[in-house]
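Take a look at the letters that make up each chain.
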Amino acid sequence: MTPENVVALECVTKRFAGLVAVSDLSLAVPRGSIYGLLGPNGAGKTTTIRMILSIIVPDEGTVTLFGTPGAGRDLSGRIGYMPEERGLYRKMQVGDLLVFLAETKGMTRAVARSEARRWLEQLGLGAWERQKLDALSKGMQQKVQFISTVLHKPDLVILDEAFAGLDPVNAQVMKDTVVSLARGGTTILFSTHIMEHAEKLCDAICIIARGRKVVDGRLADVRRGHGGRHVIVAVEQGVGSAEMVLRDRSLVAKADAYGQYAELEVATDADPQRILEALLAAGARVTRFEIAEPTLHKIFIDKVGAEAASVPAGPGGDHA
Amino acid sequence: MRKIWVVIRREFVERVRTRWFIISTVLGPLLMVAFVAVPLIMARRGAQERVIAVVDATTTGFGQRLALALDRAPPLRATSLSTPVSQIESVADSLAVLVGAKVVDGFVIVSDEAVDDGKVEYRGSNVSSPRDMQIMSALVEEAVFTERLGRAGVDAALVRQAKIPLQLRTLKVAGARTTTASGEGSFILAYVVWLLLYMGILLYGVNVMGSVVEEKTSRIVEVLISSLRPFELLAGKILGVGGVGLFQFAIWGVCGAVLVDRRELLLRLLGESVPGGSMPAFPEVPLVTVVVFLLYFLLGYFLYAAMFAAVGAMTSSEAEARQAANFVVMLLVLPSVLMIGILNDPDGTMAITLSIVPFTSPIAMPVRWAAAEVPAVETLSSIAALAATLLAVTWVASRIYRVGILAYGKRPSLGDLMRWIRTA
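Rules behind the numbers
- Residues numbered from 1 in each chain as written.
- Chains lettered and ligands numbered in written order.
- Predicted model: local features only at pLDDT ≥ 70, side-chain atom pairs only at ≥ 80, totals over all residues.
- Domains from an automatic or database assignment.
- Axes fitted to C-alpha atoms, helices over the stretch in contact; angles between N-to-C directions.
- Helix = DSSP H or I, 4+ residues; strand = E, 2+ residues; numbered from the N terminus.
- Parallel < 35°, antiparallel > 145°, perpendicular 65-115°, else oblique.
- Left-handed = near helix turned anticlockwise from the far one by under 90°.
- Contact = placed C-beta atoms within 7 Å.
- Nonpolar A, V, L, I, M, F, W, Y, C, P; charged D, E, K, R; others polar.
- Core = buried A, V, L, I, M, F, W, Y, C linked by C-beta atoms within 7 Å.
- Buried ≥ 20, exposed ≤ 12 C-beta atoms within 10 Å, placed from the backbone.
- Pairing = 2+ DSSP bridges.

*Asks:* Before we go on, may I ask you to explain the domain arrangement of chain A in this structure?
*Replies:* Note on interface size: it is often stated as the accessible area lost on association of the parts. Segmenting chain A into domains produces domain 1 (5-223) and domain 2 (227-292). Of note, the centres of domain 1 of chain A and domain 2 of chain A, computed from C-alpha atoms alone, are 40 Å apart.

*Asks:* Got a minute to help me understand the packing of helix α17 (residues 361-371) of chain B against helix α18 (residues 376-404) of chain B in this structure?
*Replies:* The packing of two helices is summarised by the inter-axis angle and the distance between the axes. Residue and element names in this part refer to chain B. Where α17 meets α18, the axes come as close as 11 Å, and the angle between the chain directions of the two elements is 160 degrees. By the angle between their axes, α17 is roughly antiparallel relative to α18. Taken as a pair, α17 and α18 cross one another with a handedness that is left-handed. Mapping the contact onto sequence places Ser-361, Pro-362 and Met-365 in α17 and Thr-379, Ser-382 and Leu-386 in α18. Of the residues belonging to the contact of α17 with α18, the class tally is 3 nonpolar, 3 polar and no charged.

*Asks:* Is there a simple way to explain the nonpolar core in this structure?
*Replies:* In this structure, A:Ile158, A:Ile205, B:Met209, B:Ala305, B:Phe308, B:Ala309 and B:Ala310 are the most contacted members of the largest nonpolar core, which totals 136 residues. Among the elements that line this core, the one with the most residues is helix α12 (residues 287-314) of chain B, at 18 residues. Among residues more than four places away in sequence, those in contact with B:Ala309 are B:Val208, B:Met209, B:Val212, B:Leu234, B:Ile238, B:Ala397 and B:Tyr401. By size, the runner-up hydrophobic cluster in this structure holds 22 residues, among which are B:Leu70, B:Leu76, B:Met136 and B:Ala143.

*Asks:* Can you walk me through the interface of chain B and chain A in this structure?
*Replies:* At the junction of the two partners, chain B supplies 16 residues and chain A supplies 19 residues. Where the side of chain B that touches chain A is concerned, the elements lending two or more residues are α1 (2-16) and α9 (220-227) of chain B. A per-element tally of the side of chain B that touches chain A places α9(B) first, with 7 residues. Residue composition of the side of chain B that touches chain A, grouped by class: 7 nonpolar, 3 polar and 6 charged.

*Asks:* Where do I start with the packing of helix α16 (residues 349-356) of chain B against α17(B) in this structure?
*Replies:* All names here are of chain B. It is the contact of α16 with α17, at a shortest axis distance of 6 Å, that shows an interaxial angle of 130 degrees. When the axis of α16 is compared with that of α17, the two are oblique. Our pair here, α16 against α17, has a crossing hand that is left-handed. Of the residues in α17, those in contact with Ala-351, Leu-354, Ser-355 and Ile-356 of α16 are Ser-361, Ala-364, Met-365 and Arg-368. Residue composition of the contact of α16 with α17, by class: 5 nonpolar, 2 polar and 1 charged.

*Asks:* What exactly am I supposed to notice about the sheet that holds strand β4 (residues 121-124) of chain B here?
*Replies:* Across a sheet, strands are paired by hydrogen bonds formed along the backbone, either parallel or antiparallel in direction. Residues and elements named next belong to chain B. Strand order in the open sheet formed by 4 strands is β2-β1-β3-β4, with mixed pairing between adjacent strands. The sheet is open, and its two borders are formed by β2 (76-82) and β4, each paired with just one other strand. Within the sheet, the average angular offset between the axes of one strand and its neighbour, ignoring direction, is 20 degrees. Examined bridge by bridge, strand β1 (residues 50-56) and strand β3 (residues 106-110) share 5 bridges and lie parallel to one another.

The following block contains the structure:
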């Protein structure tokens, strides 16, 4: 185990009442990275995260944090966790709540108090420190929850369904803060079922479906490893007008048409230039032609199939 | 340990700050005073004037003497109407009209039979009042008694001498010495002890349950459990809420002691004239009784709070929890229902059993302590049984709690619970 990995899972399995939620999962989160745990609803993301935090204990396999043998709870001072189901004490004052949660992480009262003030000011909630949480809008409560996750300066921040339920403004705040924390050396592990979020933020990813790992590694490696050459094409009247070319199996192995553009996998022996020529010859007015790496969404669909992307692993698989 | 302390402080501070705490701290003693004082005041003030007519069909003038005796008893005004036996019913009918018009409250019909075989009739609007009827029958009985003795030729002065009522002074013997505590005082003390324990354990136990359910429904429990062991959270919660209970008792205790100390001044301020012996002497509360009370409150509260917490962890909403808690509440109500039995015979089989069985002993034993002398063997075995049960129940409850706080959806079956308890 190199201490370069902040989180390392080895052959972890967890069953609930006979149902396998996570099966033989191994993954490694490199220090300082933004790591995405991706998968459809019910894939076992939340169960995996709970095992990392030692909220639940794996049936088989080991979880190692920061390269030390301690369990997640003993290292909780170094970890910030925002669960998928958000919630705080609604009757407590914002400032007191933040101090209490920081104290459960081992921070001293005085330091927690001043850090809470600093964060509240920074996110525009300075005037609300002595208000009860009940008095805050939903968006403000989300900010408070986020502050409580990072207040104690954790080395590892774990966000379950990080962007779920956030309004666009808060999603932006969250993204900016996550990036700046990562720049400061904090390791971020977040789970999402929305591939586009991961694509924008992640250095490394792990895709799981039905409790099993599909693929993991650095994002660039995952893309390269997916093989095939990909081309993104957009045509003035919509890709429908170039259908003949897209159906030509000697040029295009596979096409995903999205209406405004299409993502093509170039046939094994074909030259992407030949596709462009064929499109022009067919009279299509090409507005975009880009030789690209496959999108995460495409990798995901290719690896697990469209059906697995929507069907949950089983009742309670994600939340039990 | 430091983290338990953090939880304890949050539970304590957040509770003491609530309006509920302030209101219950102020209202608690007021209610308790009301419980004791209202019946006393009612008894004194409620003696409303009753106008009674005596239909005198006697030939000896007994009716007149009876009316005089009734009239001399403070709440009653009585006059006699000499009536021939044949006219009784018609006089009664017209008196009934007066009762209907609320001019008189009722009337007694006496004839010569009254003295011979004790047959007296009373008709009135207040016959459903046990207190009024008790006074009536006592006065009539006394008059009849005097009349019979007089008829038998007993001297009137001798009769008066014989009628001086008995005054039984009751004093509690504790630790082989007679205390100044009166029997009535011990009863009130036992009553107050019962009320405090029952209300304290129930209210604060339910409070713990509410707190568990709140953390579960708000989902904050998942964040907490990522940095605290479930046992740390549970222990901190129970200790914190219990601290609030002790704090409240301390406030009441100090206020109560001051009030008792200054009670005569207080009564004078309220304009009550207190003739020397009419107030029951306040019971002497030995330190050991206070210690027993606090010990049983703490052990009992821990026992019930652990059970309430487990119930809270099993359910997903406040309403569901209240329903599921009925079983626990029943255990607590049991000794309260049998309270009178315990007080009537503090050394009887039932009192001894209830004060040793762990689930009822937290209330039954301190009540016995307040009411009578309890052998040390019984106290010690009761404490030992309670402590052992507390350990076992806490162990089971914390295991249910640990799994339950993260389980949502349908309520677990008994089989589910067994599995929760068994899982490592």
